[in-house]
Amino acid sequence: MIRILLADDHAIVRAGLRALLDSSVAETDCDDIEVVGEVATAEESVAFCSTTPVDLVLMDLRFGPGKSGADATAALRELPNPPNVLVVTNYDTDADILGAIEAGAVGYILKDTPPAELLAAVRSAAEGESVLSPSVASRLMTRVRKPDTTLSPREIEVLRLVADGHSNREIGKRLFLSETTVKSHLVHIYSKLGVKSRTSAVARARERGAI
């Protein structure tokens, strides 16, 4: 039996996932999946798994204020009997994907994944097997093949703050970096993206889905 926790801040998404999982059990007569709970925040997912046996958490990435799905994943993996985590989200930027995988997620699929593929992903992830949506796998392969043109997590942080309109000094304060270090990151960002300005860097990164 695969004991599943649904972690998403949208009740309609949780209801949809539950209905899909329940219908799969009914239609295939394969009684191997049980949804044991639902939570609406990252913090609640950790609290639930701390007291209730769970084999797999279907985890969204963004919950609004508070911890992210990646934060929760890292915390879950530190529990004495950690559940596997399958990220189910709408977001597929490099930063989101890498953050989730580095946190310990065994899989990363998008919410538009066909039902049959999602169910297969659930069963594989419950066994600890790596599961990736095709577009996610493609992004990761691009990083491997072209590491010199891919932004690092820190560079993405810097560029996101640039996109929000922050100056180098403000970025340094937020990330506890010197202005010189921020400028160095920007130089590397411009080089990797093939641009010469902050505005162009933000635009190019958005085109690539990096931020």
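The rules behind each value
Residues numbered from 1 in each chain as written. Predicted model: local features only at pLDDT ≥ 70, side-chain atom pairs only at ≥ 80, totals over all residues. Heavy atoms only, no water. pLDDT = per-residue confidence, 0-100. Helix = DSSP H or I, 4+ residues; strand = E, 2+ residues; numbered from the N terminus. Pairing = 2+ DSSP bridges. Contact = heavy atoms within 4.5 Å. Axes fitted to C-alpha atoms, helices over the stretch in contact; angles between N-to-C directions. Core = buried A, V, L, I, M, F, W, Y, C linked by side-chain atoms within 4.5 Å. Buried < 20%, exposed > 50% of the residue type's maximum accessible area, 1.4 Å probe, protein only. Phe/Tyr/Trp six-rings, centres within 6.5 Å; stacked < 30°, edge-to-face > 60°. Lys NZ or Arg CZ within 6 Å of the ring centre and 35° of its normal. Salt bridge = Lys/Arg side-chain N within 4 Å of Asp/Glu carboxyl O. Parallel < 35°, antiparallel > 145°, perpendicular 65-115°, else oblique. Nonpolar A, V, L, I, M, F, W, Y, C, P; charged D, E, K, R; others polar.

1. Let's talk about the confidence of the model for the protein chain
Any residue range with low pLDDT should be treated as having predicted coordinates unsuitable for detailed reading. Per-residue pLDDT for the protein chain has a mean of 88; in total, 92% of the residues score no lower than 70. Per-residue pLDDT, averaged within each element of the protein chain, yields its smallest value for helix α6 (residues 134-145) (70) and its largest for strand β3 (residues 56-59) (98).

2. Considerations on the sheet that holds strand β6 (residues 131-132)
Strand order across the open sheet formed by six strands is β2-β1-β3-β4-β5-β6, with parallel pairing between neighbours. Taken across any chain shown, the strands that pair with only one partner, and hence form the sheet edges, are β2 (33-39) and β6. Sheet topology places β3 next to strand β4 (residues 84-89); four bridges connect them, and they run parallel. Residue pairing in the sheet places Leu 56 in a bridge with Asn 84 of β4. Packed on one face of the sheet, helix α2 (residues 42-51) meets β1 (2-7), β2 and β3 and runs near 130 degrees to β2. Seen against the sheet, helix α3 (residues 69-77) touches β3 and β4 and runs at an angle of roughly 170 degrees to β3.

3. Some words on the nonpolar core
Of all hydrophobic cores here, the largest spans 24 residues; its most connected members are Cys 49, Val 57, Met 59, Leu 76 and Tyr 108. Elements represented by at least two residues in this core include exactly β1, α2, β3, α3, β4, α4 (94-103), β5 (107-110) and α6. The contact partners of Leu 76, leaving out residues within four places of it in the chain, are Ser 45, Val 46, Cys 49, Val 57, Met 59, Pro 82, Pro 83 and Val 85. Among the nonpolar cores identified, the runner-up in size contains 21 residues, and Leu 21, Leu 58, Leu 86 and Val 122 belong to it.

4. Thoughts on the side chain of Ser 45
Relative to the assigned elements, Ser 45 resides in helix α2. Not counting residues up to four positions away in its chain, the partners in contact with Ser 45 are Leu 5, Ala 7, Val 39, Met 59, Ala 72 and Leu 76.

5. A short note on the packing of aromatic side chains
Summed over the entire model, instances satisfying the criterion amount to zero aromatic pairs. The ring of Tyr 91 carries the charged tip of Arg 62 above its face, separated from the ring centre by 3.7 Å.

6. Structural notes on unusual backbone geometry
Excluding glycine, residues mostly have negative phi values, and the peptide bonds linking residues are mostly trans. The backbone of Phe 176 sits at a positive phi, close to 60 degrees, despite the residue not being glycine. Within the secondary structure, Phe 176 sits in the loop between α8 (168-175) and α9 (179-193). Owing to a relative accessible area of 77%, Phe 176 belongs among the exposed residues under this scheme.

7. Quick word on the pattern of salt bridges
The final tally for this structure, using the stated rule, is eleven salt bridges. Taking the shortest distance from any N to any O, the salt bridge between Glu 38 and Arg 14 comes out at 3.1 Å. You can see Glu 38 sitting in strand β2 and its partner Arg 14 sitting in helix α1 (residues 11-28), a full 24 residues away along the chain. Two residues, Glu 157 and Arg 154, come together in a salt bridge whose shortest N-O distance is 3.0 Å.

8. Points about the packing of α3 against α4
Between two packed helices, what matters for the description is the angle formed by their axes and the separation of those axes. Running from N to C, α3 and α4 cross one another at 10 degrees; their axes reach a closest spacing of 8 Å. When the axis of α3 is compared with that of α4, the two are roughly parallel. The segment α3 lies against α4, with Ala 70, Thr 73, Ala 74 and Arg 77 engaging Gly 99, Ala 100 and Ala 103. Looking at the contact of α3 with α4, its residues break down into four nonpolar, two polar and one charged.

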